[in-house]
Structure formats: C-alpha cells, structure tokens
Amino acid sequence: MEYGNIREQAILLKQFKDEFPKGVIHICHISMKSTEPPRYIVVKYNDSYFLGPANDFMQLGFESDDLEYFIIPNDGTNKWNTLTDIYIPAAQLISSNIDIPLLELFQPKQNLRKPLWIQPTIKANNIKLSCMYIDIHGNCYFNISKSEFEKHRQNRKVRTRTQMATIHGIVNDYNDMPEGRPLVLFGHGDLFQLAQNNGNLSKNFGMYQDHIIIVEFYEEDHTSLGGNAIPT
C-alpha cells in the first residue's frame, strides 16, 4: 500500500476485524512516513484489542463513535524497533491485565479526529457508488456496507451498471458465476464488491479507484439477464 493511504488501510481492517474470536490482540502495523512523529494507539472493539499507528485509519475502519482510543507510550524517537519496543510490551501489558479497563493501563488519546468515507449518492431507485479500494486480485470495493445497502434496497431486485457491463443480481460466492463473468457480492467486511470469477475485474473491465457505478433497484425485470448473474 502507498504511504498515507488510510482508505486502503481502513478497508483491510474492515475485512478482518470481525473474523477472529474474542480476546485476540491484533497488531495492525502500517508504515508511516519518516517525517511523521511516532504515535501509536490501542482500542478495544468487540472484546478484542487492536494496536496500530495513530494515523486515523482505525477510526475510519471501525466507524463507531463510542469507541475509546488510548496512547501506547514511547520515548518520541525513531531509535527502536516498533514491534519489539512498542507493540509487544503493550500486548503483554494487556494480556497480563485482561480484566482491567484500558483506561487504567493507558492514557486516553486527546483531540481525536473522525475521518469520513465518501458518502454514496442515494435516490429512491438507485445508488451512485465510488470505488474505494482494489485488492491484488482486481476485486473492487465500494463505499457501502451490506446493512446500509439492504436498508435502501427494501427487498427489490438489483441491477449494477458500469461503463463496460450490466450485472444483474447479487451472488454469495465467486463460483456462483461462470468463469470470466463479472459479479456483485458482499465479501469480507460486508462491503459491496465487484469481482470477476477467475479474473481481474479492475484490469479487464477498466475499473479503478474513485470509479463511479450506478446500482438500480426495481420490482420487475423486463430485460433478459443474459446469464450475467444469479439474481437475489
């Protein structure tokens, strides 16, 4: 990932933050620019602990206003190993005091900034979405969660329009579509995703970050699906 791209970092966090059992201590180490002062924080989310740099990516990844963030102490220099001198001592302190609130172990972070995602444009029968992240396989992730999407969908059928394809329906798995076909699904992190079964959708369908697509909702389908997807 490129330096300073907290949007990519946050989407990676969204994909795994709910995939582990309670009580896990996660070290989310994302490199920062050398010109930035070393700052590190810890947060408790769903009875697990997340340690990482204070570059706002965790606030963007969790999106919850009721979480408290705490400072992992350091001497303010770069003359140490981040893993052995910062994260591991903090993780050991947490694991040795697992029943003690973080407030009694660390100082709360002051002046916490709250970054926001680019919001989708929502109308009665369609949503305009922006591509937030593309993974190494060419799968494209957009700026809406499954819960938010279903709230606006209201059990209607779905048709997704891009510059190169119209995709009908939403599938549960990549293999629900024939090889090479584009598809829509909600994958890890419950994010709206465009992908291609056994293919690189970004490359093959000209989809890049900040690309705009239109998702339409409708009651009856009067067009031929053409085998593009399995509607749900």
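Before reading further, recall that the structure is shown in the block above.
Residues numbered from 1 in each chain as written. Predicted model: local features only at pLDDT ≥ 70, side-chain atom pairs only at ≥ 80, totals over all residues. Heavy atoms only, no water.

Points about the overall build of the chain
Scanning the chain for helices and strands turns up five helices and 13 strands. Of the contacts made within the chain by residues no fewer than 6 positions apart, 64% connect residues no fewer than 24 positions apart. Accessible area for the chain stands at about 12,600 Å²; split by element, carbon and sulfur atoms hold 48% of it. (Helix = DSSP H or I, 4+ residues; strand = E, 2+ residues; numbered from the N terminus. Contact = heavy atoms within 4.5 Å. Areas by Shrake-Rupley, 256 points an atom, 1.4 Å probe, with all protein chains shown as cover.)

Quick look at unusual backbone geometry
Notably, Asn 46 is not glycine yet its phi reads approximately 50°, a positive angle. The phi dihedral of Asp 56 is positive, around 80°, even though this residue is not glycine. With respect to the secondary-structure elements, Asp 56 resides in the loop between strand E3 (48-53) and helix H2 (57-62).

What to know about the side chain of Asp 135
When you line up the elements, Asp 135 lands in the loop between strand E7 (126-134) and strand E8 (140-145). Put simply, Asp 135 is tucked away with no salt bridge, and the nearest opposite charge, on Lys 203, sits 14 Å away. Side-chain polar atoms of Asp 135 contact the backbone nitrogen of Asn 139, separated by 3.0 Å. (Buried < 20%, exposed > 50% of the residue type's maximum accessible area, 1.4 Å probe, protein only. Lys, Arg positive; Asp, Glu negative; His and termini not counted. Salt bridge = Lys/Arg side-chain N within 4 Å of Asp/Glu carboxyl O. Polar contact = N/O pair within 3.5 Å; in protein donor to acceptor, adjacent residues only side chain to side chain.)

Points about helix H1 (residues 6-16)
The buried fraction of H1 amounts to nine of the 11 residues, a majority that puts the element mostly inside the structure. Ile 6, Arg 7, Glu 8, Gln 9, Ala 10, Ile 11, Leu 13, Lys 14 and Gln 15 are the residues of H1 that are buried. On its buried face, H1 is in contact with E3, H2, E7, E8 and strand E12 (191-196).

So, the pairing of E8
Consecutive residues of a regular strand have side chains that alternate between opposite faces of the sheet. The element E8 is largely enclosed, with a buried count of five among its six residues. Hairpin connection from E7 to E8: five residues lie between these consecutive antiparallel strands, with Gly 138 at a positive phi of about 85°. The pairing of E8 with E12 spans three bridges and is antiparallel. When the bridges of E12 are listed, Tyr 141 appears paired with Gln 193. (Pairing = 2+ DSSP bridges.)

What about the nonpolar core?
Among the nonpolar cores identified, the biggest contains 22 residues, and Phe 142, Phe 149, Phe 192 and Leu 194 are the most heavily contacted of them. Going through the elements one at a time, E7, E8, strand E11 (182-186), E12 and strand E13 (212-218) are the ones with two or more residues in this core. In terms of residue count, E7 provides more of this core than any other element does, four residues in total. Setting aside its immediate chain neighbours within four residues, Leu 194 contacts Asn 139, Cys 140, Phe 142, Thr 160, Thr 162, Ile 167, Leu 183, Val 184, Leu 201, Met 207 and Ile 213. (Core = buried A, V, L, I, M, F, W, Y, C linked by side-chain atoms within 4.5 Å.)

Thoughts on helix H3 (residues 82-96)
Over its 15 residues, H3 runs 20 Å from end to end, which matches the ideal 21 Å to within 8%, given 1.5 Å per residue. By the largest-angle criterion, Ile 88 marks the main kink of H3, which is about 30°, and a proline, Pro 89, follows within four residues. When H3 is considered as a whole, its buried residues turn out to be Thr 82, Ile 86, Tyr 87, Ala 90, Ala 91 and Ile 94. One side-chain oxygen at the N-terminal end of H3 lies 2.9 Å from the backbone nitrogen of Leu 83; it belongs to Asn 81. (Expected span 1.5 Å × (residues − 1). Bend = angle between axes of the 7 residues up to and from the residue.)

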